[in-house]
Amino acid sequence: MSGRQKLFTSLVLIFVFSFLSAEDPFAQEHKDFLLKKVGNLYILNVGANDNIKLHGVYNLYFEKVKRIPLIRIKLKSERKFFGAVQVTQVFPQYAVVRVLSRAMKEEPSGNRIILIHKPLDKKKDEKDVKTAKDLPKSPLADTGHAEITKDLDLPYKDASYRPFSLSVNYIRQFDQIARPITESVYDQIRDGVYNGVGADTSSFSSVGGFRFSISKMISRYLTVEAGIGFITQNSSLQTGRGPDNIPVFGVKHVENWNIDFKNKIQLLNITLYASRFSKALPYFTGEEYGRRHSPRFGIGVNYAKVNVEMDWNAMINRVFSTQPPEMTGSEKSDMGGYWGIHSVLGYDYYIQGFRLFAEMSYYTWFTDKFKSDLPFSLGFSIMF
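Residues numbered from 1 in each chain as written. Predicted model: local features only at pLDDT ≥ 70, side-chain atom pairs only at ≥ 80, totals over all residues. Heavy atoms only, no water.

Focus: the overall build of the chain
Move 1: If you tally the helices and strands in the chain, you get four helices and 16 strands.
Move 2: Relative to its full complement of 384 residues, the chain shows a buried share of 40%.
Move 3: In the chain, 71% of the contacts between residues at least 6 apart in sequence involve partners at least 24 apart.
Move 4: Just so you have it, the chain exposes about 21,500 Å², and 58% of that area is on carbon and sulfur atoms. (Helix = DSSP H or I, 4+ residues; strand = E, 2+ residues; numbered from the N terminus. Buried < 20%, exposed > 50% of the residue type's maximum accessible area, 1.4 Å probe, protein only. Contact = heavy atoms within 4.5 Å. Areas by Shrake-Rupley, 256 points an atom, 1.4 Å probe, with all protein chains shown as cover.)

What about the nonpolar core?
Where a protein is soluble and globular, its nonpolar side chains tend to be buried together.
Move 1: Among the nonpolar cores identified, the biggest contains 26 residues, and F174, I177 and W365 are the most heavily contacted of them.
Move 2: Every element with two or more residues in this core is listed here: α3 (175–192), β11 (222–241), β12 (252–275), β13 (293–318) and β15 (354–365).
Move 3: Leaving out residues up to four positions away in the same chain, W365 has contacts with F174, I177, L267, N302, Y303, A304, Y338, W339, G340, F370 and K371.
Move 4: In this structure, L44, V46, V87 and M104 belong to the second largest nonpolar core, which totals 18 residues. (Core = buried A, V, L, I, M, F, W, Y, C linked by side-chain atoms within 4.5 Å.)

Quick notes on the pairing of strand β16 (residues 376–383)
Move 1: By the alternation rule, side chains of β16 split into S377, G379, S381 and M383, which are all buried, and F376, L378, F380 and I382, of which none is buried.
Move 2: Sheet topology note: the β15/β16 ladder contains seven bridges and is antiparallel. Across the sheet, residue F357 finds its bridge partner in β16, namely G379. (Pairing = 2+ DSSP bridges.)

Quick notes on the packing of aromatic side chains
Move 1: Under the counting rule described, the total for this entry stands at twelve aromatic pairs.
Move 2: An angle of 15 degrees between the planes, with centres 5.9 Å apart, marks the rings of F164 and F384 as stacked. Note that F164 is positioned in strand β9 (residues 164–171) and F384 in the segment after β16, a separation of 220 residues in sequence.
Move 3: The class for F164 is partly exposed, based on a relative accessible area of 33%.
Move 4: On the numbers, 4.9 Å between centres and 75 degrees between planes, the contact of Y338 with F370 is edge-to-face. Here Y338, found in strand β14 (residues 326–351), pairs with F370, found in the loop between β15 and β16; they are 32 residues apart in sequence, far enough to count as distant. Here Y338 and F370 have matching classes, each one buried.
Move 5: In this structure an aromatic cluster arises from ring pairing among Y42, F62 and F82. (Phe/Tyr/Trp six-rings, centres within 6.5 Å; stacked < 30°, edge-to-face > 60°.)

Observations concerning a nonpolar patch on the surface
Move 1: On the surface, a cluster of nonpolar side chains totalling about 520 Å² of accessible area is made up of I218, Y221, L222, V224, I270 and L272.
Move 2: Sorting the residues of the nonpolar patch by element identifies β11 and β12 as the ones contributing at least two each.
Move 3: Structurally, I218 is set in the loop between β10 (198–217) and β11. (Patch = residues over 30% accessible without salt bridge, like charges linked within 9 Å, V, L, I, M, F, W, Y side chains within 5 Å. Salt bridge = Lys/Arg side-chain N within 4 Å of Asp/Glu carboxyl O.)

Here we look at the side chain of T239
Move 1: Inspection of the secondary structure assignment puts T239 in strand β11.
Move 2: Only 3.1 Å separates the side chain of T239 from the side chain of Y194, close enough to count as a polar contact.
Move 3: In this view, T239 contacts Y186, I189, Y194, A199, D200, N256, W257 and N258; residues no more than four positions away in its chain are not counted. (Polar contact = N/O pair within 3.5 Å; in protein donor to acceptor, adjacent residues only side chain to side chain.)

A word on the pattern of salt bridges
Pairing is possible between side chains of opposite charge, provided their charged atoms come close.
Move 1: A complete count under the given rule lists eleven salt bridges for this structure.
Move 2: A salt bridge links E106 to K80; the shortest N-O distance between them is 3.5 Å. Of this pair, E106 sits in the loop between β6 (95–102) and β7 (112–117) while K80 sits in strand β5 (residues 74–90), and the two are 26 residues apart along the sequence.
Move 3: Among the salt bridges present, the one from E359 reaches R296, with a minimum N-O distance of 3.0 Å. Of this pair, E359 sits in strand β15 while R296 sits in strand β13, placing them 63 residues apart in sequence. The pair formed by E359 and R296 is uniform in burial state, with each residue classed as buried.
Move 4: Overlapping salt bridges, with partners in common, bring together R296, D348, R355 and E359 in one network.

Okay, structure coming up:
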């Protein structure tokens, strides 16, 4: 058959089915692999490219895969036996079949189609229909032919969908909040305890913390995000009497005073991001993933509430005393809340409803107490 003849046959077939659909009140459009039903004829989304043979007789099954919502991990498959069909027309992408015997009362649906070649046997077909109350878990007895199986990845959202996402990331740094708190306490001890002459050493450990956020894609290039972070910064301060600070004979004095700080930061922020957020859509629309990674830039407003816990011990001495007493204690103080602004430069990688990311931020505050900071973070998002 020439190319023109194939094209003419296709056009005639489409015209006939369109005409019959308009006349037949039972004609029905279907999703999945069943494209159209007209009387006892069906157009299936499987054809010569899938090794369907003209005039071949097949046991037809439809299978529906159940998945966990949001992450779409496969749980199980439900296979339903439709009946026996014979192929009357074959095209590269689809085929027309007539129903020889039918076991399924409802209209079929699913995202997998299975055809098993079988010899034409009307008596056996009638028996299949009678015994198909409980749908078989596995195909009927095969005749040695390999089964034809085709999967269809159906989108469950259209291209206009704007997904939400839940994110968690680990943040390092924010020493610029812990450091001035430690330095401020030392200034008080130096002036109030050592009479302006003292010696100190300090250390800081960037423990960091976690940040949780929810974001909404508002266009293919813009996303708005709100988040809350819980960050802990540890620091320590060792102070002592300076060599030039000679105590008065017989007077009690502080030989050294050491403090361990735990700075707890509750960080709130709202950020507007610009990026190719359309790269998140293929997971929802069933399209092919192209380039999965994309840079991201954001600006926003931040608010930090700071609380400090201090555990201290002091050595109280009297000149020539042999057993200096040790004093210990703990204090908690609320440093208040502080507003600021921030910018973010990140890099995202999308994979099956997830986003992995790394980002560097710049935080600055509307106060002279804290200097600007450059925290780094790693995290992931779940999109839904």
